[in-house]
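# Inside the fold
The lines below spell out each chain.
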Amino acid sequence: MVLIVLVFALFIVFDMRKFVRIKVPAKVYVLYFAIVTASLVVSLFLASGKRPYSPAKVIEAAIKFIGIEK
Amino acid sequence: MEKTRISKIQLFTLLSGFLFGSTVIVAPVAGAKNDAWISMIIGGTCGILLMLVYASISLLNPSKTLVDILREKFGKVPGSIVGVLYVWYFVHVASLVLRDYGEFICTVTFPETPMIVVIVIFAIVVLYGVNSGIEVIGRVSELLMPVIPVAVLIITFSLFTISDFTAFLPVLERGMMPVLDAAFSYITFPFGETVAFLMVYPHLNRMEEIRKTVLTSAVILSTLGVIIFFRDIFVLGTELLSRATFIPHVTSLVFPEINVDPLIDINLMIAGGIKISVCLYAASTALSQLTGIENYSWLSGALTVFCIVLSVWQFENVLELFTWTDKIWPFYSVPFQIIIPLVLFVMSLPDRKKAANHKD
């Protein structure tokens, strides 16, 4: 867990240096943190052994619900 | 849009690498067993037609990316919503290839290395390529792609002495349905996935060459695919072929005296790397266009991180991955690869005169 948080922190610091230097618009920060936070949350769940319901399972359920694949 | 240009040779190598991608290790037509070559011919022909539709969409909408075309044809809001779905789709394709790569390397080459380490190291290299731009990815593919057919032909010809040339017989023993099912899978993987190139085609320096380039790369790669299938079935036979998880790996084990597995690793690294790079490039540029962000590389890092997490998150093991890609992937891909592009193509047809004037 700590290792994951550290890797993400390193990655964010690396990108933030670039963002601050070139003064990127606010929407870049919003999008960037939305994607990275989602990734971090899923990573922490995976590291703790609680695998969240994956997109592949959602897609499979949707396709089975439509009745294309049984 | 990024002001870079790629040559037709670079587009050819990019397309070839993309088509070869993870098909090096995952056989989408394995379900047809010894009739897979018929599936490859049927699926390959339909796949080439589909790729020509993508090329025609780009020709009918010169200098426009997929996002521009979606917004123009469907309207700003519905077009943007479909655009977001395509961003998801491109990231999803990249994550699947990344997982294929991780599974193969951790099963065959580095069995004691954690898969996440293999995936992260590969993703860092890919991210560097994506941030460098499509021109750099094109040049790298131009440099490395010739290795693939050479490696394939070395393995194929070296195995001639231990081949049983009747292994693909009898033909159509189990009827036509498994063949058609496998052909459908072959259209969606890998041909349909080249829909990502709708974000790359506008960078081609000579748009009039696009159809010829697409056709040439698709025909050559389809032929190479059939050669690889015949090599594998001649060496392994139908039963072993249908039971093997990574078919080329098992074939390479039969190779007399020396270990040729690294050649397959190299092929996967080159072709898989090109495929992931193009998908992540398409996703990053599409997302930056949708949100009005001028530089796509500001978001490519975050998307790559998400792609890594998604590749690990989706499946618990390799069997789950293969079952899902075999049973679910073809149907899930239909809207992205066939329905939406065909609608765009039909809606673009009235613009033929405008496109002709643009060419003049």
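Residues numbered from 1 in each chain as written. Chains lettered and ligands numbered in written order. Predicted model: local features only at pLDDT ≥ 70, side-chain atom pairs only at ≥ 80, totals over all residues. Heavy atoms only, no water.

### Examining the environment of cysteine 106 of chain B
All names here are of chain B. On the secondary structure map, cysteine 106 appears in helix 4 (residues 76-109). By relative accessible area, cysteine 106 is classed as buried at 13%. A sequence separation of 11 residues divides cysteine 106 from valine 117, and the C-alpha atoms of the two residues are 9.8 Å apart. Contact partners of cysteine 106, with chain neighbours within four places excluded, come to Pro111, Thr113, Pro114, Met115 and Val118. (Helix = DSSP H or I, 4+ residues; strand = E, 2+ residues; numbered from the N terminus. Buried < 20%, exposed > 50% of the residue type's maximum accessible area, 1.4 Å probe, protein only. Contact = heavy atoms within 4.5 Å.)

### A few points about the interface of chain A and chain B
On the side of chain B, 27 residues touch chain A, which itself brings 30 residues to the contact. Carbon and sulfur atoms make up 77% of the area that chain A and chain B hide from each other, which totals about 2,500 Å². In this assembly, chain A and chain B are joined by one salt bridge. There are seven residue pairs in polar contact (both at pLDDT 80 or more) connecting chain A and chain B. Among the secondary structure elements, those contributing two or more residues to the side of chain A that touches chain B are helix 1 (2-22), helix 2 (26-47) and helix 3 (55-66) of chain A. Looking at which element gives the most residues to the side of chain A that touches chain B, the answer is helix 2 of chain A, with 10 residues. Class assignment of the residues belonging to the side of chain A that touches chain B gives a composition of 20 nonpolar, three polar and seven charged. (Buried area = accessible area lost by both parts, 1.4 Å probe. Salt bridge = Lys/Arg side-chain N within 4 Å of Asp/Glu carboxyl O. Polar contact = N/O pair within 3.5 Å; in protein donor to acceptor, adjacent residues only side chain to side chain. Nonpolar A, V, L, I, M, F, W, Y, C, P; charged D, E, K, R; others polar.)

### Focus: empty space enclosed by the protein
Over the atoms, a rolling probe the size of a water molecule traces out where space has been left empty. All names here are of chain B. Enumeration over the complete set of coordinates arrives at two cavities of 30 Å³ or more. Computed from the structure, the largest cavity encloses a volume of approximately 350 Å³. Around the largest cavity sit 25 residues that line it, and Thr23, Pro28, Met40, Gly225 and Ile228 are the ones nearest its centre. Contributions of two or more residues to the lining of the largest cavity are made by helix 1 (8-20), helix 2 (36-60), helix 9 (210-243) and helix 10 (247-254). The leading source of residues in the lining of the largest cavity is helix 9, at seven residues. (1 Å grid on protein atoms, 1.4 Å probe; cavity = no way out; pocket = protein on both sides within 12 Å on 5 of 7 lines; lining within 4 Å. Points joined across faces, edges and corners; volume = space filled by probe spheres on them.)

### Considering the confidence of the model for chain A
Predicted confidence across chain A gives a mean pLDDT of 92, with 99% of residues reaching 70 or more. Within chain A, the element-level pLDDT minimum falls on helix 1 of chain A, averaging 91, and the maximum on helix 2 of chain A, averaging 95. (pLDDT = per-residue confidence, 0-100.)

### Concerning helix 2 of chain A
Over its 22 residues, helix 2 of chain A extends 31 Å from the first C-alpha to the last, a length consistent with the 32 Å expected when each residue adds 1.5 Å. Three or more residues of helix 2 of chain A are buried, namely Val28, Leu31, Tyr32, Ile35, Val36, Ser39, Val42 and Ser43 of chain A. Buried residues along helix 2 of chain A cover an arc of 120° about the axis, so they all sit on one side. Seen from the buried face of helix 2 of chain A, the exposed residues on the opposite side, beyond 90 degrees, are Ala26 and Val30 of chain A. Tucked inside the fold, the buried residues of helix 2 of chain A contact helix 1 of chain A together with helix 11 (261-291) and helix 12 (297-313) of chain B. (Expected span 1.5 Å × (residues − 1). Arc of directions from axis to C-beta.)

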